[in-house]
Protein chains: 4
Amino acid sequence: MPRKVDRVARQGDILDAAVRVFARKGFAATRIEDVAAEAGIAKGSVYLYFDSRDALLTGAFELYARRTEHVLHDLGDGTGLQRLERLVRGTVDMLAAQPDYARVLLDVWASKPPLDLAALYHEYRAAIGKLLTQAAADGELRAGIDERHAAVIVGAIEGCLVQTLVDPEVSLRDLATPLVRLCVEGIRK
Amino acid sequence: MPRKVDRVARQGDILDAAVRVFARKGFAATRIEDVAAEAGIAKGSVYLYFDSRDALLTGAFELYARRTEHVLHDLGDGTGLQRLERLVRGTVDMLAAQPDYARVLLDVWASKPPLDLAALYHEYRAAIGKLLTQAAADGELRAGIDERHAAVIVGAIEGCLVQTLVDPEVSLRDLATPLVRLCVEGIRK
Amino acid sequence: MPRKVDRVARQGDILDAAVRVFARKGFAATRIEDVAAEAGIAKGSVYLYFDSRDALLTGAFELYARRTEHVLHDLGDGTGLQRLERLVRGTVDMLAAQPDYARVLLDVWASKPPLDLAALYHEYRAAIGKLLTQAAADGELRAGIDERHAAVIVGAIEGCLVQTLVDPEVSLRDLATPLVRLCVEGIRK
Amino acid sequence: MPRKVDRVARQGDILDAAVRVFARKGFAATRIEDVAAEAGIAKGSVYLYFDSRDALLTGAFELYARRTEHVLHDLGDGTGLQRLERLVRGTVDMLAAQPDYARVLLDVWASKPPLDLAALYHEYRAAIGKLLTQAAADGELRAGIDERHAAVIVGAIEGCLVQTLVDPEVSLRDLATPLVRLCVEGIRK
DNA sequence: GATGAATGAGAATTCATTCAT
DNA sequence: CATGAATGAATTCTCATTCAT
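Residues numbered from 1 in each chain as written. Chains lettered and ligands numbered in written order. Predicted model: local features only at pLDDT ≥ 70, side-chain atom pairs only at ≥ 80, totals over all residues. Heavy atoms only, no water.

K.L.:
What's the story with the arrangement of the chains in this structure? I'm lost.
P.N.:
When C-alpha atoms are compared, chain A and chain D, though not in contact, are closest at a spacing of 10 Å. In this view chain B stays clear of chain D, with the nearest C-alpha atoms of the two still 21 Å from each other. (Contact = heavy atoms within 4.5 Å.)

K.L.:
Would you take a moment to explain the relation of the copies chain D and chain C for this structure?
P.N.:
The operation relating the two chain copies consists of a rotation about an axis and a shift along that axis. Taken as rigid bodies, chain D and chain C are interconverted by a rotation of 180° and an axial shift of 0.0 Å, the fit giving an RMSD of 0.2 Å. Both chain copies can therefore be described as sitting about a two-fold axis. A shared binding surface is used by both copies, with 100% of the interface residues of chain D retained as interface residues in chain C. (Least-squares fit on C-alpha atoms with pLDDT ≥ 70 in both.)

K.L.:
Before we go on, may I ask you to explain the interface of chain B and chain A in this structure?
P.N.:
When the parts come together, some accessible area is lost, and that loss is often what is quoted as the size of the interface. Between chain B and chain A, the residue contacts involve 42 residues of the former and 42 residues of the latter. Across the chain B/chain A interface, buried area totals approximately 3,500 Å², and carbon plus sulfur atoms make up 67% of it. At the junction of chain B with chain A, the criterion picks out four salt bridges. Notably, a salt bridge pairs arginine 125 of chain B with aspartate 167 of chain A, separated by 2.8 Å at the nearest N-O pair. Inspection of the chain B/chain A interface yields ten residue pairs in polar contact (both at pLDDT 80 or more). (Buried area = accessible area lost by both parts, 1.4 Å probe. Salt bridge = Lys/Arg side-chain N within 4 Å of Asp/Glu carboxyl O. Polar contact = N/O pair within 3.5 Å; in protein donor to acceptor, adjacent residues only side chain to side chain.)

K.L.:
Would you mind showing me how to read the side chain of glutamine 163 of chain D here?
P.N.:
Within the secondary structure, glutamine 163 of chain D sits in helix H9 (residues 147–166). For glutamine 163 of chain D, a relative accessible area of 1% corresponds to the buried category. Once you skip the residues sitting within four places of it in the chain, glutamine 163 of chain D turns out to touch Tyr121, Arg125, Ala151, Val154, Gly155 and Glu158 of chain C together with Val170 of chain D. (Helix = DSSP H or I, 4+ residues; strand = E, 2+ residues; numbered from the N terminus. Buried < 20%, exposed > 50% of the residue type's maximum accessible area, 1.4 Å probe, protein only.)

K.L.:
Which parts of the structure should I look at to understand the packing of aromatic side chains?
P.N.:
Think of a pair of aromatic rings as described by two things: how far the centres are apart, and how the planes are tilted against each other in angle. Enumeration according to the criterion identifies ten aromatic pairs over all chains in this entry. Ring geometry for phenylalanine 61 of chain B versus tyrosine 64 of chain B: centroids 6.1 Å apart, planes at 35°, classification tilted. Of this pair, phenylalanine 61 of chain B and tyrosine 64 of chain B both sit in helix H4 (residues 53–68), three residues apart, which is roughly one turn of that helix. A relative accessible area of 5% means that phenylalanine 61 of chain B is categorised as buried. Given the relative accessible area of 7%, tyrosine 64 of chain B is considered buried. When the ring of phenylalanine 22 of chain C is compared with that of phenylalanine 27 of chain C, the centres are 5.1 Å apart and the planes differ by 80°; the resulting orientation is edge-to-face. Each member of the pair phenylalanine 22 of chain C and phenylalanine 27 of chain C is classed as buried. Between arginine 53 of chain A and the ring centre of phenylalanine 27 of chain A, over which it is positioned, the NZ or CZ distance is 4.1 Å. (Phe/Tyr/Trp six-rings, centres within 6.5 Å; stacked < 30°, edge-to-face > 60°. Lys NZ or Arg CZ within 6 Å of the ring centre and 35° of its normal.)

K.L.:
How should helix H9 (residues 172–185) of chain A be read in this particular structure?
P.N.:
In an α-helix, one turn spans 3.6 residues; hence positions three or four apart end up facing the same way. Taking 1.5 Å as the rise per residue, H9 of chain A with 14 residues should run 20 Å; its terminal C-alpha atoms sit 20 Å apart, in good agreement. Counting buried residues along H9 of chain A, ten of its 14 residues qualify, which places the element largely inside the surrounding structure. Summarising the contacts, the buried residues of H9 of chain A are in contact with helix H5 (80–97) and helix H8 (147–166) of chain A together with helix H9 (147–166) and helix H10 (172–185) of chain B. (Expected span 1.5 Å × (residues − 1).)

K.L.:
What exactly am I supposed to notice about the packing of helix H1 (residues 7–25) of chain B against H4 of chain B here?
P.N.:
Between two packed helices, both the angle of their axes relative to each other and the distance between the axes serve to describe the pair. Residues and elements named next belong to chain B. Where H1 contacts H4, the axes come no closer than 9 Å and their chain directions differ by 105°. Here H1 is positioned roughly perpendicular relative to H4, judged by the angle of their axes. Residues Ile14, Leu15, Asp16, Ala18, Val19 and Phe22 of H1 form the contact with H4, whose own contacting residues are Leu56, Leu57, Gly59, Ala60, Leu63 and Arg67. (Axes fitted to C-alpha atoms, helices over the stretch in contact; angles between N-to-C directions. Parallel < 35°, antiparallel > 145°, perpendicular 65-115°, else oblique.)

K.L.:
What's the story with the domain arrangement of chain A in this structure? I'm lost.
P.N.:
Residue and element names in this part refer to chain A. According to the domain assignment, chain A consists of domain 1 (1–50) and domain 2 (61–185). Every contact between the two is made by eight residues of domain 1 and, on the other side, seven residues of domain 2. For the pairing of domain 1 and domain 2, the buried interface totals around 640 Å² over both sides, and the portion due to carbon and sulfur atoms is 66%. Contact with domain 2 buries surface across domain 1, with Asp16, Val19 and Ala23 losing the most and accounting together for 55% of the total. For the salt bridge of aspartate 16 with arginine 67, the shortest nitrogen-to-oxygen distance reads 3.6 Å. (Domains from an automatic or database assignment.)

K.L.:
It is not clear to me how the packing of helix H6 (residues 99–110) of chain A against H8 of chain A should be interpreted in this structure. Could you clarify?
P.N.:
Residue and element names in this part refer to chain A. Between H6 and H8, the shortest axis-to-axis distance is 10 Å and the interhelical angle comes to 105°. Taken together, the axes of H6 and H8 are roughly perpendicular relative to one another. Touching Ala102, Arg103, Leu105, Leu106 and Trp109 of H6 are Glu158, Leu161, Val162 and Leu165, all from H8. In terms of residue class, the contact of H6 with H8 is made up of seven nonpolar, no polar and two charged. (Nonpolar A, V, L, I, M, F, W, Y, C, P; charged D, E, K, R; others polar.)

K.L.:
Looking at this structure, I do not really get the interface of chain D and chain C. What am I missing?
P.N.:
With 42 residues of chain D at the contact, the number on the chain C side is 42 residues. Per-residue buried area on chain D facing chain C is highest for Val152, Gln163 and Leu182 of chain D; these three make up 18% of the total on that side. If you look at where chain D meets chain C, you find four salt bridges. For the pair chain D and chain C, the number of links is ten residue pairs in polar contact (both at pLDDT 80 or more). If you list the elements that add at least two residues to the side of chain D that touches chain C, you get helix H1 (7–25), helix H7 (99–110), helix H8 (117–137), H9 and helix H10 (172–185) of chain D. When residues of the side of chain D that touches chain C are assigned to their parent elements, the largest contribution, 13 residues, is made by H9 of chain D. Split into classes, the residues belonging to the side of chain D that touches chain C amount to 21 nonpolar, seven polar and 14 charged.

K.L.:
Explain the environment of threonine 177 of chain A here, please?
P.N.:
Here threonine 177 of chain A shows up in helix H9. Distance in space between the C-alpha atoms of threonine 177 of chain A and proline 99 of chain A is 18 Å, their sequence separation being 78 residues.

K.L.:
Got a minute to help me understand the relation of the copies chain B and chain A in this structure?
P.N.:
Note on the copies: chain B fits chain A at an RMSD of 0.2 Å, the axial shift is 0.0 Å, and the rotation between them is 180°. A shared interface surface links the copies, since 100% of the contact residues of chain B are contact residues in chain A too.

K.L.:
What is the right way to look at the pattern of salt bridges in this model?
P.N.:
Think of it this way: side chains of opposite charge can pair up when their charged atoms draw near. Counted by the stated rule, this structure contains 46 salt bridges over all chains. Between aspartate 107 of chain A and arginine 103 of chain A there is a salt bridge whose closest N-O contact spans 3.1 Å. Of this pair, aspartate 107 of chain A and arginine 103 of chain A both sit in helix H6, separated by four residues, roughly a single helical turn. Like arginine 103 of chain A, aspartate 107 of chain A is buried. With its nearest N and O atoms 3.7 Å apart, the salt bridge here joins glutamate 169 of chain B to arginine 125 of chain A. Remark: arginine 125 of chain A occurs in helix H7 (residues 117–137) and glutamate 169 of chain B occurs in the loop between H9 and H10; the pair is interchain, linking two chains. The exposure class assigned to arginine 125 of chain A is buried, which follows from its relative accessible area of 9%. Here the salt bridges share partners, and the residues they tie into one network are Glu85, Arg181, Glu185 and Arg188 of chain A.

K.L.:
Would you take a moment to explain helix H2 (residues 32–39) of chain A for this structure?
P.N.:
All names here are of chain A. Restricting attention to buried positions, one finds in H2 the residues Ile32, Val35 and Ala36. All buried residues of H2 fall inside an arc of 100° around its axis, so they share one side. Where H2 ends, the next residue or the one after it, glycine 40, has phi of about 75°, a positive value. (Arc of directions from axis to C-beta.)

This is the structure we're talking about:
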């Protein structure tokens, strides 16, 4: 794979540059030229790898989503709640590890169409839903816990992210443990 | 002498129109002319009441914040956890009651304007922090609950909102009870 | 003359206000609203007395021209050069006495059509031409002085005005005597 | 690699086009699009070379000033009055040779931009002042000639220009000789 | 007559996208 | 492949002018 790899690598470079700029000034205020400058290439060259400005945001999100996926799957063994705890903490760690990509989520949420956010979150809720089922089977849950709690847990994670993005006073890593505890104890029998 | 206009009322009308359009197409895709049309006035007239396009977003948020504030204060009597429950449910109800304004939050988060979001959320966390203190005094909390949990609770609320905005499949009202339960049981002794 | 006088007086008031503003910020940067504010009336009221923004500049110039005319005629008795000296000095005094109107000349020169500047200056040159003829008859002039010198003398006056308007370091009153001397000695036999 | 453009040359082309349009319709009535059309480029391309519409006026004036400077310095040998005569005539010739740039002076005078007109005229007066000093040393001047006469001479030149710009009936070249004579004989002993 | 809210034509400016080199 | 000059559609914002009260 000779050319192909180069192409993908270059796309990745540009996307990383774009994400850095997005995180710094927001998508709305980011010009193609800013991204090009950050990537160290010429403005026109961005179009060799991306179809449009919007494609940069889309691409950034997809890259983020891909890097994120493993958190849902590498949960190891244990009870449902143990594995849920790992999922929550793993997600927070992942977000904290790449704050720029996390910041871009705000722009993604505010943006319109071609991003299948619903699918991503659906998948997320489904993964948590499975853990809840397992935990229920393990007899760990109190009564009345259902798939809506999956949405609440996903929400709690994202919401903590919002807090830290909007108020620098709040640190995502600091919130990890309280968040995990709330999610786990909040449903435990 | 031309009719004396109620500036504040007119500003409110325009802001409401703006919020409807923002909710429909997002702030980024909204043109001043769209807002004017929605408000039934001429493009230039918007500028009689707002300095700039950004001022519409800022104004919308501030109006939202003002309408929201009471949720933090009208919590009635009861134990800390009872009052916390009311706060969480009240916030969700308020958000569910004005979904357009809620949608604008996404644009506000993504924007850079001179909006003191940090102050708003700080206030929110402080209000919850006080309830946690009361609950602790009432002996309702398990050990290790501190002000970080206030951030987590605020986050959980906002995060649920994000879920419902990003995925129409999820309904905010449906999440209200699970969210309240998670927040309350997640910290109860 | 009941209404008529009021109307003319009001026009004069507005014109004076306009000239003050023009002198302060230049015609290009002056808004109808600025003039109204300076005159202490409402924006719309300006249109009760003037047809358009341009009409203010036109009106200002015409008022200036009217106030100026007498300088050409009240020259008293004496030789041609004596009367020329009075004309030059009288013009400078008149300009120095109403610096705001003088400043507006710059905008008038730069403006386009409906102002018959050519006629004004033609009249000016004709008046000076007559004095030159008289002076020639009086035997005061050296050979070769003709109507072109009238243009040069008018130019010298206006040019001194430009100097003082463009460079505050130069005072019109200071230039009066040297200017008069140059104009008179420059053509004397 | 796109052709490397000579920025300065291109700026000059645009400036020349701008000056033609300014001379034709005046700065106030000139739109960026007019300039672009005259230069044979697209509206937006003007902004690749100039920051704003005002910058065109500023740039035009500076170009004019640069092209003009040499008149002050290449005066050759001779007595003070001989050299003064050359200066005056040289200036008139220069103005007559580029009537469009001369017309723009009217707009420059009326404008407020960050143009250091005062400095330019100061330099002009200083140059003439030096010639007056020399002429005085050469014993060519009558008593009472000082630096104020330098201002008057500069004024006379500019004023003649105004005459010709404001009244097409008057030709700058026709005024050259009378102007020179007035300036020289007006101060000669 | 006076007012000032409303209008909307018009202009400056920006910037994503294209394409000749 | 890369570049960056050029384009022009799109948008914000201004302000002269109108007119209902």
